[in-house]
Structure formats: C-alpha cells, structure tokens
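# Results of the structural survey
Take a look at the letters that make up each chain.
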Amino acid sequence: MTTPNNELRVKASGVDIAGLRKSYGSNEVLKGIDLTVKPGEVVCLIGPSGSGKSTLLRCVNLLEQPNGGTIHVAGFETTDPEVNLDKMRQNVGMVFQQFNLFPHLTVLENCTVAQLKVLKRSKNDAEKTARENLERVGLGDFGGRYPDQLSGGQQQRVAIARALSMEPTLMLFDEPTSALDPETVGEVLSIMKNLAKSGMTMLVVTHEMSFAKEVADRVVFMDGGVVVEEGKAVEVIGNPQQPRTQDFLRRVLDPTHVDI
Ligand SMILES: Nc1ncnc2c1ncn2[C@@H]1O[C@H](COP(=O)(O)OP(=O)(O)OP(=O)(O)O)[C@@H](O)[C@H]1O
Ligand SMILES: [Mg+2]
C-alpha cells in the first residue's frame, strides 16, 4: 500500500445500523436495513434512483428522523432520544453531490467557520487545521479564493477539506462526483482513495463502479428500500448473484444496454 499524501492518520469509528425504517407519509422508503461499517472500513452503497441510498445516509447523522430501528455511530446511539446531537455530528463528516460551500466566504473561511462556531477553536488553531486539510486535498495555495473561482472538482475537494477539518471519525459521501465534469471526477476520487488509505471509515454512495471495485472493502446493493446483496467489491460487482443486482449493474456498466 502506498503512503497517503501527508501521512495523516485518522481516528476511525464504525457504524452499526439495525432494522432501520423510514417512511415519508405512506411511502416506506427504508424497510428494515441492517448495515455495518467497521472502523477503518470503506463500504460503497449502490442502487437505482429512489432506492433509499440518500435517505439511509441522512438517517445516520439524523438529518432524517428514522421511524424504527437503531443506529450506533462512534459510541453514540443516534436513535436514542437523549443523544447529544452536536457531539454525535462532530464525528460524522458529510460530502454531498452539490458542494454546498458558502459563496461569500473564502476557501479558508469555508474550512474554519464550523471549527470556530461548533468546536470553539481559536482562529489560529482553526486556520492551521484548515490549511493542513487543504494541503491534503492538493489546494494549499487556494485558501484566499472564493468558490466561484474554482472548478467543480476543486470545490468538491474544498468540501472534503472542510469536512475533514472537523476531524470526524466517519465520512459519508453522497454521490460526490455526480455533478462534476468528467475531467475532474478523477481528482476527487483520488482524494477519496487517499483518505481510505489513511484509515478513515467511509460510507460512500456512488455510481463509480471502478472506484468501488478498487477502493471498497464491501459493496452493498440496495433496491426498493432493502439490502438485496452485499459482499466483497469484486464479488458483488464482478459476479452478482441476485437478478436485481445483475440487472442494475448491466445498466450502469453499459448505459446503452436495452432489454429486448
Ligand atoms: N423529504 C422527502 N419527502 C418525501 N419523500 C422523499 C423525501 N426524500 C426522499 N423521498 C423519497 O424517498 C425515496 C428514496 O429517495 P432517496 O433520495 O433516498 O433515493 P436515492 O437512492 O438516493 O436516489 P438517487 O440515486 O436518485 O439519489 C424516493 O421515492 C423519494 O422520492
Ligand atoms: Mg440520492
């Protein structure tokens, strides 16, 4: 294994999801999901549009309130009504398809604002941590720029640096490269690969099958709010057992495929 960028190692925590249910009105979107990510493990979540992948991710840090089941993250039971939400969320970094950077703040300020407000770090400490993480995503010289002066790939790398600046023990990615121009996808995937090598626990929703095959320890295929198949990345992607997984992968790996 090659040495990651700047040899930063991370504290890692796992996720344990059991019997997770979530409905919107009468529409049950998650129908009893069991999913474990061990500390330091990388799990890629794949599945068709509407299968509940984003909802599952959003339940992990309680951006959505589950209707049933339990979720344990970093020693917190997030589904416990008494849970300290702020403390729990400090452990969980999230990167979305849309980068959600603050347009009126510089890159450096985007990476310090939550450190100052939530972690109550001094400006000096926050800037030092932000600079380290911008360095880590290859944007050490970009602190003074504004988001609209960056490419999509660079903005997504800032979003990753911002999340890492909170020193999470788990990172959730929801299709982080789907909104990018094809030529900038690789730079973001390469940062994620380095992060995986540094020991970060990662739960990644992605359609990038080559990334999943190469980086994921396990792949979980979801459809219709249930886990249909899971296993080693090479097995699930290379030799899927369930017809629904086979059908999905045929479509993703060959977008011109039509059933006749
Ligand atoms: N806030 C909401 N209110 C009502 N329904 C919702 C809400 N969020 C999601 N849904 C519904 O839940 C289902 C699952 O949505 P979700 O976004 O989790 O799917 P997904 O697997 O992430 O899909 P995609 O690949 O398109 O991102 C969909 O039918 C969606 O319409
Ligand atoms: Mg989604």
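Bear in mind the structure is a predicted one, so any value in this text is a computation, not a measurement.

### Side note on the sheet that holds strand 9 (residues 218-223)
The mixed open sheet is built from 6 strands, whose spatial order is 6-7-8-3-9-10. Since the sheet does not close on itself, it has two edges, and those belong to strand 6 (92-95) and strand 10 (226-232), each with one partner. Here the strands of the sheet are splayed against their neighbours by 15° on average, with no regard to which way each runs. Direction of pairing for strand 6 relative to strand 7 (residues 170-174): parallel, over a ladder of 4 bridges. Bridge assignment links G93 to a residue of strand 7, and that residue is M171.

### Some thoughts on unusual backbone geometry
Of note in this structure, N100 is not a glycine but carries a positive phi near 55°. In this structure, N100 sits in the loop between strand 6 and helix 3 (107-117). One non-glycine residue, K120, adopts positive backbone phi at about 60°. One can find K120 in the loop between helix 3 and helix 4 (123-136).

### Regarding the site of ligand 1
Within the structure, ligand 1 sits among Y24, N27, V29, P48, S49, G50, S51, G52, K53, S54, T55 and E175. In the model, an oxygen atom of ligand 1 is placed 3.2 Å from a nitrogen or oxygen of the S51 main chain. Summarising the interface, the protein chains cover 58% of the accessible area of ligand 1, which totals 630 Å² for the free molecule. Counting only elements with at least two residues in the shell around ligand 1, the list comes to strand 2 (27-37) and helix 1 (53-60). Looking at the shell around ligand 1, the element that brings in the most residues is helix 1, giving 3 residues. For the shell around ligand 1, the per-class residue count stands at 3 nonpolar, 7 polar and 2 charged.

### Thoughts on the UniProt feature "domain: ABC transporter" (unreviewed entry) in the protein chain
As annotated in UniProt, the feature "domain: ABC transporter" (unreviewed entry) corresponds to residues 15-249 in the numbering used here. Along residues 15-249 the backbone is 37% helical and 26% strand, and the end-to-end C-alpha distance reaches 26 Å.

### Structural notes on helix 3
Counting along an α-helix, one turn takes 3.6 residues, and residues three or four places apart therefore face a common direction. Every buried residue of helix 3 is accounted for by V107, L108, N110, C111, T112, V113 and Q115. On its buried side, helix 3 packs onto helix 4 and helix 5 (152-164).

### Comments concerning the packing of aromatic side chains
Applying the stated rule across the entire model yields 1 aromatic pair. Look at F221 and F248: their rings are 5.3 Å apart centre to centre, the planes differ by 40°, and that puts the pair in the tilted class. Placement of the pair is F221 in strand 9 and F248 in helix 9 (residues 243-253), with a sequence separation of 27 residues. When sorted by exposure, F221 lands in the same class as F248, which is buried.

### A word on the environment of T256
As for its position among the elements, T256 is in the segment after helix 9. A residue is classified by how much of its surface remains accessible, and T256, at 65% relative accessible area, is exposed.

### Notes on the pairing of strand 3 (residues 42-46)
Counting buried positions along strand 3 yields 5 of 5 residues, so the element is predominantly enclosed. Alternating positions in strand 3 separate into two faces, V42, C44 and I46 on one and V43 and L45 on the other, with burial throughout. The pairing of strand 3 with strand 8 (residues 201-205) spans 4 bridges and is classified as parallel. Within strand 8, the residue paired with C44 across the bridge is V204. For strand 3 and strand 9, the ladder comprises 4 bridges, and the chain directions are parallel.

### Let's talk about the packing of helix 5 against helix 6 (residues 182-197)
Relative to each other, helix 5 and helix 6 sit at 20°, their axes nearing to 8 Å. The pairing of helix 5 with helix 6 is recorded here as roughly parallel in orientation. Between helix 5 and helix 6 lies a crossing whose hand is right-handed. Contacts between helix 5 and helix 6 involve G153, Q154, Q156, R157, I160 and L164 from the first element and T184, E187, V188, I191, M192 and L195 from the second. Class assignment for the residues of the contact of helix 5 with helix 6 results in 6 nonpolar, 4 polar and 2 charged.

Conventions we followed
Along each chain, numbering runs from 1 in the same order as the chain's sequence is written. By the order in which they are written, chains take letters starting at A while ligands take numbers starting at 1. Local features in this predicted model are restricted to residues of pLDDT 70 or higher, and side-chain atom pairs are both shown and tallied only at a pLDDT of 80 or more, whereas totals for entire chains, interfaces and linings draw on every residue. Excluded from the side-chain calculation are hydrogens and water; included are all heavy atoms of the structure. At least two DSSP bridges between two strands are needed for those strands to be called paired. Secondary structure elements are defined from DSSP: runs of H or I of at least 4 residues count as helices, runs of E of at least 2 residues count as strands, and each element is numbered from the N terminus. Each axis is a line fitted through C-alpha atoms, taken for helices only over the stretch in contact, and angles between the N-to-C directions span 0 to 180 degrees. Any residue with a non-hydrogen atom lying within 4 Å of a molecule or strand is treated as near it. Here a polar contact is taken to be a pair of N or O atoms separated by no more than 3.5 Å, where protein atoms must pair a possible hydrogen donor with a possible acceptor and residues adjacent in sequence count only if both atoms sit in side chains. Only the protein chains shown count as covering a residue, and every accessible area follows the Shrake-Rupley method with a 1.4 Å probe. Residue classes follow a fixed rule: Ala, Val, Leu, Ile, Met, Phe, Trp, Tyr, Cys and Pro count as nonpolar, while Asp, Glu, Lys and Arg count as charged, and any other residue, Gly among them, counts as polar. UniProt positions are given in the numbering used here, feature names are shortened, and annotations may be inferred rather than shown by experiment. Only protein chains enter the area calculation, which uses a 1.4 Å probe; residues under 20% of their type maximum are buried, those over 50% are exposed, and those in between are partly exposed. In this description, contact between two residues means that some pair of their heavy atoms is separated by no more than 4.5 Å. Only Phe, Tyr and Trp rings take part, Trp by its six-membered ring, and two of them pair if their centres are within 6.5 Å. Stacked means planes under 30 degrees apart, edge-to-face means over 60, and tilted covers everything else. Angles are sorted into four bins: roughly parallel if under 35 degrees, roughly antiparallel if over 145, roughly perpendicular if 65 to 115, and oblique for all others. Working rule for handedness: look at the near helix, and if it is turned counterclockwise from the far one by less than a right angle, call the crossing left-handed; if clockwise, right-handed.

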